[in-house]
Every structure is written in C-alpha cells, then in structure tokens.
Amino acid sequence: MTTAAAQPPRDRALGRGITTLIPQAATATPAEQAAAVLTAMQSVPVRVGVLQAAVVLLEERVRATDDGAERAAAATTVAMLRSAMGRAG
C-alpha cells in the first residue's frame with residue numbers, strides 16, 4: 001500500500017510569501033503597507049462589489065484628510081481599483 005506525501009498547509013505557505021512582500025518594519029506607514037498589499041494582490045480575483053465599497057471609503061478619505069501623503073495614496077488606490085473594475089467588464 002502507498003500513501004501520498006504530506007503536503008504543507010497551503011495557507012501557511014502563502015502567508016509566508018505575502019508577509020515577505022509587505023513592509024513589516026515599525027517605520028512602514030499604513031500607506032506603504034497598503035501599496036505593498038495591492039502590488040502582491042494584483043492577480044487575485046476579487047468580487048466587484050468589494051472593490052466598489054473600497055472606492056467609496058477611500059474617496060471619503062481623500063476628501064476628509066489633511067495629510068497630503070495619505071490623500072495621494074488613497075487617490076492612487078482609487079484609480080487602481082477603478083482600473084481593475086474597468087478591466088473586469
């Protein structure tokens with residue numbers, strides 16, 4: 001009788017890969033962490049409704065924040081999300 005080789009847990013292997021892409025240093029800003037996540041997740045399928053909700057929330061941050069870096073990061077993210085939604089059809 002033969003047995004299949006043990007496979008490492010899939011989520012564990014993926015988690016280690018994603019963690020290496022996201023800045024973990026205490027000096028990494030939330031905007032830097034978000035940008036890294038967006039880069040890592042570009043090819044991951046996401047429901048359009050989730051993207052639409054994120055756009056609404058981020059557009060409010062663009063209007064509400066006085067922080068220029070946060071405003072720029074949110075605006076860039078909105079543009080990326082809108083582009084992804086446009087490609088999705």
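Procedures and definitions
- Residue positions are given per chain, counting from 1 as you read along its sequence in written order.
- Local features are withheld for residues below a pLDDT of 70 in this predicted model, meaning they are given only at 70 or higher, and side-chain atom pairs are given and counted only at 80 or more; totals for whole chains, interfaces and linings count all residues.
- Excluding hydrogens and water, the side-chain values take into account all heavy atoms of the structure.
- We define a salt bridge as a side-chain nitrogen of Lys or Arg found within 4 Å of a carboxyl oxygen belonging to Asp or Glu.
- Here the term buried applies to any residue with accessible area under 20% of the maximum for its type, exposed to any over 50%, and partly exposed to those in between, with areas from a 1.4 Å probe on protein chains only.
- A run of H or I in DSSP becomes a helix once it reaches four residues, and a run of E becomes a strand once it reaches two; helices and strands are each numbered from the N terminus.
- Residue contacts are defined here by distance: any two heavy atoms, one from each residue, within 4.5 Å place the two residues in contact.

How do you make sense of the pattern of salt bridges when you look at a structure like this?
In total, this model carries 3 salt bridges according to the counting rule given. The salt bridge partner of Glu70 is Arg61, with a shortest N-O separation of 2.9 Å. Judged by its relative accessible area of 35%, Arg61 is partly exposed.

Got a minute to help me understand the environment of Arg71 in this structure?
By secondary structure assignment, the location of Arg71 is in helix H4 (residues 68-88). Judged by its relative accessible area of 33%, Arg71 falls in the partly exposed class. Measuring from C-alpha to C-alpha, the distance between Arg71 and Ala31 comes to 9.8 Å, with 40 residues separating the pair along the chain. Sequence-distant contacts of Arg71, defined by excluding residues within four places in its chain, comprise Val62, Thr65 and Asp66.

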